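These are the residues of each chain, in order.
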Amino acid sequence: MARVALTRILPFPAIDRLREVHDVTVWEGPEPPPEDALRELVRDAEGLLCLLTDRIDGPLLEAAPRLRAISNLAVGTDNVDLEAATARGIPVGSTPDVLTDATADLAFALLLASARRLLPASRAVRAGEWVTWEPARWLGDEVTGATLGIVGPGRIGRAVARRAEGFGMRVIDSKAMELDELLEQADFVSLHVPLTDDTRHLIDAGALARMKPTAHLVNTGRGPLVDQDALAAALHAGTIGGAALDVTDPEPLPADHPLLEAPNLIVVPHVGSATHATRERMAAMAVDNLIAGLDGAPLPHRANG
Ligand code: DGY
């Protein structure tokens, strides 16, 4: 039995399977462990099952000399210093594929909600403003026939494209054309690139300025892909039509954050993979990765090395 650190209570059957073969210590807090608590948690650990909210960097790895395997409960691994883990010979697991459809569904839900201005319309009903059928009120943007620009046509981006085809959209992607051209042509732009030094603030003031004044930006990737100050400015100035974000920088976004003052903005709390079935599959895959790593076997889904 190896000592395993788990950074949050995970109420999924896979965790029982992990407990049957390893000695699991769980951070019981409802929020991520603060830096010193995380350090303490991993001090004697041989395996680590962590979340995208945990920063697993070089100094943390140094504080965990016995660590032999890391499993991240996410497909994105930007919270883990993969190079530092590789340098220490530690395999890092991730959870691709199992969340593709759930995340693509959410991206499409955000696209539709932003296009059809569902949030203000729903708020108006609750405020008693629905007095009659209004020929020229609560008008949104047509989705059928519109052009969707997929930035990052990987697994999730392609799944969003498939949904778009069902809605009669024209789909373009950043593999087939320059980003600037895509931004100029698209009525909807959906972001699906991983967060790296190269993609941080990929959508900055210049990129936003290329978008059509009616275009909507959807981000289900990572918050720092977008320069939020520039996005807020574009929404206030009306130089883009709307934005719908599942991810922000920081997360959580404080309720008094200036971005939330912007018009035509939807923000949801990083729920792309949040379906019962998907989260169970992610936990199962994360446990499979960790058990394999601790056995010295190849990880079913390894992100480094
Ligand atoms: C991931 O896995 O990277 C998503 O952002 C959370 O499901």
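Residues numbered from 1 in each chain as written. Predicted model: local features only at pLDDT ≥ 70, side-chain atom pairs only at ≥ 80, totals over all residues. Heavy atoms only, no water.

1. A short note on the pattern of salt bridges
The tally for this structure, following the rule as stated, stands at 15 salt bridges. For the salt bridge of Arg66 with Glu46, the shortest nitrogen-to-oxygen distance reads 3.6 Å. On the criterion of sequence distance, the pair formed by Arg66 in the loop between helix H3 (58–62) and strand S4 (69–72) and Glu46 in the loop between helix H2 (35–42) and strand S3 (47–50) is long-range, its members being 20 residues apart. When its relative accessible area of 41% is taken as the criterion, Arg66 is described as partly exposed. With a closest N to O distance of 3.9 Å, Arg137 and Glu134 form a salt bridge. Looking at Arg137, the relative accessible area reads 32%, which means it is partly exposed. The network of salt bridges with shared partners includes Glu46, Arg66 and Arg68. (Salt bridge = Lys/Arg side-chain N within 4 Å of Asp/Glu carboxyl O. Helix = DSSP H or I, 4+ residues; strand = E, 2+ residues; numbered from the N terminus. Buried < 20%, exposed > 50% of the residue type's maximum accessible area, 1.4 Å probe, protein only.)

2. Observations concerning the domain arrangement of the protein
You can read the domains of the protein as domain 1 (3–98 + 276–294) and domain 2 (100–267). On a C-alpha basis, the centroid separation for the pair domain 1 and domain 2 is 32 Å. Each partner contributes to the interface: domain 1 provides nine residues, whereas domain 2 provides five residues. Together, Leu52, Asp78 and Asp97 form the three largest contributors to the area buried by domain 1 at its contact with domain 2, with a combined 63%. Our enumeration of links across domain 1 and domain 2 arrives at two salt bridges. Asp97 is the salt-bridge partner of Arg155, the closest N and O atoms lying 3.5 Å from each other. For the interface between domain 1 and domain 2, the tally reads two residue pairs in polar contact (both at pLDDT 80 or more). Tallied by class, the residues present in the side of domain 1 that touches domain 2 amount to five nonpolar, two polar and two charged. (Domains from an automatic or database assignment. Contact = heavy atoms within 4.5 Å. Buried area = accessible area lost by both parts, 1.4 Å probe. Polar contact = N/O pair within 3.5 Å; in protein donor to acceptor, adjacent residues only side chain to side chain. Nonpolar A, V, L, I, M, F, W, Y, C, P; charged D, E, K, R; others polar.)

3. Some remarks on unusual backbone geometry
That bond from Asp249 to Pro250 is cis: its omega, 5 degrees, falls within 30 degrees of zero. For Pro250, the position within the fold is in the loop between strand S10 (242–245) and strand S11 (265–267). Looking along the chain, the bond that leaves Glu251 and enters Pro252 is cis, with omega of -5 degrees. Of note, Pro252 is situated in the loop between S10 and S11. Backbone geometry at Asp97 places phi at a positive 70 degrees, although glycine is not the residue there. Residue placement: Asp97 occurs in the loop between strand S5 (92–93) and helix H5 (100–115).

4. Let's talk about helix H1 (residues 13–21)
Residues Ala14, Ile15 and Leu18 constitute the buried set of H1. Down the axis, H1 shows its buried residues gathered within 100 degrees of arc, on one side only. Opposite the packed face of H1, turned more than 90 degrees from it, sit the exposed residues Pro13 and Glu20. Each element contacted by the buried residues of H1 is listed here: strand S1 (3–6), strand S2 (23–26), S3 and helix H11 (276–295). (Arc of directions from axis to C-beta.)

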